[in-house]
Amino acid sequence: MRITCNVCGSKSIIQSTKDAMPGYAKFYCICTNPKCSHSFVASWSYEKTLNPSLQQTNDLLIDMVQRMEPAQQKKLIRQLNLSL
């Protein structure tokens with residue numbers, strides 16, 4: 001990915017990145033032109049899905065439940081039994 005300085009148009013270097021949330025990140029950048037040296041924050045985000053994930057909803061749920069602590073799993077099972 002290339003980020004250019006919006007002041008002089010020169011190539012910029014990403015000094016650090018912060019993932020604000022899944023699918024969105026902030027890039028802290030500085031211009032490589034010594035006569036400019038503009039520092040700025042740029043952002044990146046997902047726009048849209050072109051093809052949905054091959055992982056099905058059931059697979060996602062099973063994976064999430066398996067990663068839970070045993071006490072959390074039991075609590076979830078009790079909650080599901082009450083609502084069914």
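Computed from a predicted structure; not experimentally measured. Every chain is numbered independently, its residues counted from 1 as its sequence is written. Two thresholds apply to this predicted model, a pLDDT of at least 70 for residue-level local features and 80 or more for giving and counting side-chain atom pairs, whereas whole-chain, interface and lining totals are computed over all residues. Processing note: side-chain calculations cover all non-hydrogen atoms of the structure and skip hydrogens and water entirely.

### Concerning the pairing of strand S2 (residues 24-31)
In regular strands, side chains alternate between the two faces of the sheet. Of the two faces of S2, the one holding Ala25, Phe27, Cys29 and Cys31 is buried and the one holding Tyr24, Lys26, Tyr28 and Ile30 is not buried anywhere. Between any two strands, pairing holds if DSSP finds at least two bridges. Labels follow the DSSP assignment, with helices taken as runs of H or I lasting at least four residues and strands as runs of E lasting at least two, numbered in each case from the N terminus. Two strands pair when backbone bridges link them, and strand S1 (residues 12-21) and S2 are joined in this way by 8 bridges, in the antiparallel orientation. Along S2, the bridge assignment pairs serine 12 with cysteine 31. Hairpin connection between S1 and S2: a loop of 2 residues separates the two successive antiparallel strands, and glycine 23 in this loop has a positive phi of roughly 85°. When S2 meets strand S3 (residues 39-45), the two strands line up antiparallel, connected through 7 bridges. Bridge pairing in S3 places isoleucine 30 opposite serine 39. Exposure categories follow from relative accessible area, calculated using a 1.4 Å probe and restricted to protein chains: below 20% of the type maximum is buried, above 50% is exposed, and the middle band is partly exposed.

### Here we look at the sheet that holds S2
Strand order in the open sheet made by the 3 strands is S1-S2-S3, with antiparallel pairing throughout. Looking at the sheet topology across the chains shown, the edges are occupied by S1 and S3. The average angle at which neighbouring strand axes cross in this sheet is 25°, direction not considered. Axis lines are fitted through C-alpha atoms, for helices just across the contact stretch, and the angle between N-to-C directions can take any value from 0 to 180 degrees.

### Details of unusual backbone geometry
A positive phi angle is found at serine 37, which is not glycine, with a value near 55°. Inspection of the secondary structure puts serine 37 in the loop between S2 and S3.

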